[in-house]
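Here are the chains, one letter per residue:
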Amino acid sequence: MKKIVLSLIIFLLPIVSFASTNTYPRTEDDLRINSWITVTEDNKDNILNTPSVNEEEKIYDFADLYTDEEEKNLYSAVYDFYQRRNLDLVIVTINDNFESTQEYADDFFDYNNFGYGPDRDGVLFLVDMENRYIYISATGGAKSLYPDKECDMLTEEVYTYFSDQKYYDGTYQMTKKLDTYYEISYNDDSDYDEYSYNTADVNYLYVLIFSSISTIIGIIILIKRNDLVKVATTSEEYYDKNSKGVQKIKDIVTGHHVTKHAIDHNTGSSHGGGFSGGGGGHISSSGSSHTGGGHKF
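Residues numbered from 1 in each chain as written. Predicted model: local features only at pLDDT ≥ 70, side-chain atom pairs only at ≥ 80, totals over all residues. Heavy atoms only, no water.

**Side note on helix α6 (residues 148-163)**
- Look at α6: 22 Å from first C-alpha to last across 16 residues, which is about the 22 Å you get at 1.5 Å a residue.
- At E157, α6 shows its maximal kink, close to 40°.
- All buried positions along α6 are accounted for by D148, E150, C151, D152, M153, L154, T155, E156, V158 and F162.
- Buried residues belonging to α6 abut β5 (122-128), β6 (133-139), α5 (142-145), α7 (167-187) and β8 (289-296). (Helix = DSSP H or I, 4+ residues; strand = E, 2+ residues; numbered from the N terminus. Expected span 1.5 Å × (residues − 1). Bend = angle between axes of the 7 residues up to and from the residue. Buried < 20%, exposed > 50% of the residue type's maximum accessible area, 1.4 Å probe, protein only. Contact = heavy atoms within 4.5 Å.)

**A short note on unusual backbone geometry**
- Here K58, not a glycine, exhibits a phi torsion of approximately 70°, which is positive.
- Structurally, K58 is set in the loop between β2 (52-53) and β3 (59-61).
- In this structure, R132 takes a positive phi of about 50° despite not being glycine.
- Residue position: R132 is located in the loop between β5 and β6.

**Here we look at helix α3 (residues 68-85)**
- The end-to-end C-alpha distance of α3, which contains 18 residues, comes to 26 Å, matching closely the 26 Å that a straight helix rising 1.5 Å per residue would cover.
- Residues of α3 that are buried: E71, K72, L74, Y75, A77, V78, Y79, F81, Y82 and R85.
- Downstream of α3 by a residue or two, N86 has a phi angle that is positive, lying close to 55°.

What follows is the structure, encoded as structure tokens:
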């Protein structure tokens, strides 16, 4: 049903205005939450303070960072991600003073009707202008695809767009990076901690072949240049009869030594950095489990 509604919105994009985000009031009598949420004294304020929105809109630009055209483009990217990955994707911008960016992101996802399937699989990307912070919150099946460290790294890869006030460009790039990392996480079971993300695109087979060919060519050239030179076998042969002294020559034989270095994943993110396929997570005020990570800008 959600896919049908999203398809209709895409069809109507030319006549839909994205200038404002509609919200609906929450009250003690009508909290506007899903039935799976247990209301307690600890989370009631969180619920009441979380905007209630139409979950089909997907782009909630409370900070007014995007033009109408940019919102349409972002919605198309979100829709494409939703269709191909079977994951919900929500984009939120805020310019209010909230105590915790992480808490706001988790609550916004949980206390609205977001998520794909019974486990509410999905990702929320939040731009917090007040705290100058971008944050990813992942829920359901998306947690294994986007663990804490990977969320840190994804936000690290785009934060400079936001520092440069290129909010649309940064957000659009985030949608594409989420799609790219879905492929990596879903299809690759290797331990990502073994590799630095800066070298992830290097084809080491090509490097090895190129190095071997270069080495062989170099050896052939040296042999051709020196094939008439007789190798010295006695100490007398090192003596230069035309010099006033004896040349002191020391033959040095060096072995091949390999040193293994641990990759430093601390790349400046406020939660750490690096490219990792595992671990992390926390429980939100609703009792739901999330992974997440972010970066200052």
